[in-house]
Each structure stands twice: as C-alpha cells, then as structure tokens.
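A look at the structure
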Amino acid sequence: MDASDMGEDLTKVLVDADQIDRRLDQIAAQIDRDYAGRDLLLVGVLKGAVVVMADLSRKLHSPVEIDWMAVSSYGSGTKSSGVVRILKDLDTDVHDRDVLIVEDIIDSGLTLSWLKDNLETRGASSVRIAALLRKPDAVKVEVEVAYVGFDIPNEFVVGYGLDYDERYRHLPFVGTLAPHVYSD
Ligand SMILES: O=P(O)(O)OC[C@H]1O[C@H](OP(=O)(O)OP(=O)(O)O)[C@H](O)[C@@H]1O
Ligand SMILES: [Mg+2]
C-alpha cells in the first residue's frame, strides 16, 4: 500500500515502512542493551501506539511485560485540548518497576509529560519514553525522550497508528494529510 491508494487524502509519505523498520531495529537493540538483566514493563498508550508497540516489542530479545493505558487529549480534532483524561488505566502495579512508555508521537508534549509524572507518582523505579515521532517545533512542554524514531515537521500526520478522526491508523507508513480533508 502506498500514498496513491489513499486517493488525494495524503499529500506525501513522510516516513516509509522500510525506514520505520530499520529505525525500530536500532531502537530495539539499544533498549536490549540499556535494560539487560532488568525486568521491563512496556506501557503502550492506546490507541496510537498499538502499531509501534506490536513492531517494536517483537524486535526485543529481552523478556518484557506489556500493558496499556488509554488517555486522550485530542478528541476528533487536530489540536490538543491540553486536558488529559484517563480512559483506561493499567492492570499492572508499576510500584518499583522499570517502565518504558511506548508512544507513536510527541506533538505538544502535554500527553507524555502528564503520563510520565503520573507513573512516577505511583512509585515506578524508572519511567522513560520511546516515541516513533517527535515534532520539535510543536513542543509546548519539554519532555525527555530516551528513544526517538524521527523528528518531523510541524504538520498533521497520519498512518502507522496515527489517526485523523479514527481513520488512517492502518497505513504502514507515516504521511501528511491534505488540508482539504480536515478543513472541509
Ligand atoms: O504530545 P501531544 O500533543 O499530547 O500529542 C500526542 C498524543 O496525541 C495522540 O493521541 P490521541 O489523544 O489523539 O489519542 P489516540 O492515540 O487514540 O489517537 C498521540 O497518539 C499521542 O498520544
Ligand atoms: Mg490520535
């Protein structure tokens, strides 16, 4: 599948499937080295992180546990509301655990800075972040990211887990959405 399958909804492919695959290989190798001999809990942030969690976790050689949270600050629009809500909490007690939050994107940083604080408050022994994408020009709150796939321009992107109004999450690449799709 490529951008042309999406008709005129996408203006371009920003990061293709091969680039994502190669970058995740590197990040997984780094995570394996950094957490060698430790008992890591991966926390995926629903729904956007589903695709990167599936691909990244299968590249890890270390034993890990996986749990999920759903938080939302976007609703159906393209701008963060800044108000983070927990829609689904973890099933796992993170007290004394090494936690790695796995995310699709850091945009304003509001979601991850809130989530990192939240998990630290629960007594996790470490909380770090892995994010496939980051938009340096959109950051409103600085968040330290241990593993980042790609820095991208400040444009609304979809695919590889990322949606616009719940669509396009299944695309195997990251592309920019044509403005006519969200300004109609
Ligand atoms: O850095 P921020 O500006 O906070 O934006 C990043 C967050 O926004 C998106 O999630 P969203 O709330 O849209 O939910 P979704 O993952 O279900 O699409 C994305 O998956 C991140 O979780
Ligand atoms: Mg979203």
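Quick look at the structure, then.

The rules behind the values
Residues numbered from 1 in each chain as written. Chains lettered and ligands numbered in written order. Predicted model: local features only at pLDDT ≥ 70, side-chain atom pairs only at ≥ 80, totals over all residues. Heavy atoms only, no water. Helix = DSSP H or I, 4+ residues; strand = E, 2+ residues; numbered from the N terminus. Rg over C-alpha atoms; globule rule 2.2 N^0.38 Å. Buried < 20%, exposed > 50% of the residue type's maximum accessible area, 1.4 Å probe, protein only. Contact = heavy atoms within 4.5 Å. Areas by Shrake-Rupley, 256 points an atom, 1.4 Å probe, with all protein chains shown as cover. Lys, Arg positive; Asp, Glu negative; His and termini not counted. Charge placed at Lys NZ, Arg CZ, Asp CG, Glu CD. Pairing = 2+ DSSP bridges. Right-handed = clockwise from strand over helix to strand, strands pointing away. 1 Å grid on protein atoms, 1.4 Å probe; cavity = no way out; pocket = protein on both sides within 12 Å on 5 of 7 lines; lining within 4 Å. Points joined across faces, edges and corners; volume = space filled by probe spheres on them. Nonpolar A, V, L, I, M, F, W, Y, C, P; charged D, E, K, R; others polar.

Looking now at the overall build of the protein chain. A tally of helices and strands in the protein chain yields 4 helices and 9 strands. For the protein chain, the N- to C-terminal ordering of α and β elements is β-α-β-α-β-β-β-α-β-β-β-β-α. For the protein chain, the C-alpha radius of gyration of 16 Å lies close to 16 Å, the compact-globule estimate for 184 residues. C-alpha atoms of the protein chain, sized along the principal axes, occupy 50 × 35 × 25 Å. Each of the 184 residues in the protein chain was classed as buried or not, and the buried ones make up 50%. For the protein chain, contacts bridging at least 24 residues in sequence account for 65% of all contacts bridging at least 6. Here the protein chain has roughly 9000 Å² of accessible surface; of this, 47% comes from carbon and sulfur atoms. The centroid of the 20 positive side-chain charges in the protein chain is displaced by 2 Å from the centroid of its 33 negative side-chain charges.

Glancing now at the pairing of strand β6 (residues 126-134). For β6, the buried fraction is high: 7 of the 9 residues fall into the buried class. Of the strand pairs in this sheet, strand β5 (residues 98-106) and β6 are connected by 8 bridges, and their pairing is parallel. When the bridges of β6 are listed, Glu-103 appears paired with Ala-131. Once you follow β5 into helix α3 (residues 110-121) and on to β6, the crossover reads as right-handed.

Looking now at empty space enclosed by the protein. A complete count under the given rule lists 1 cavity of 30 Å³ or more for this structure. Put simply, the largest cavity is a space of about 50 Å³. Surrounding the largest cavity, Leu-24, Ile-27, Val-52, Leu-56, Val-102, Glu-103, Ala-130, Ala-131, Leu-132 and Tyr-147 form its lining. For the lining of the largest cavity, the element with the most residues is β6, which contributes 3 residues. The class makeup of the residues in the lining of the largest cavity is 9 nonpolar, no polar and 1 charged.

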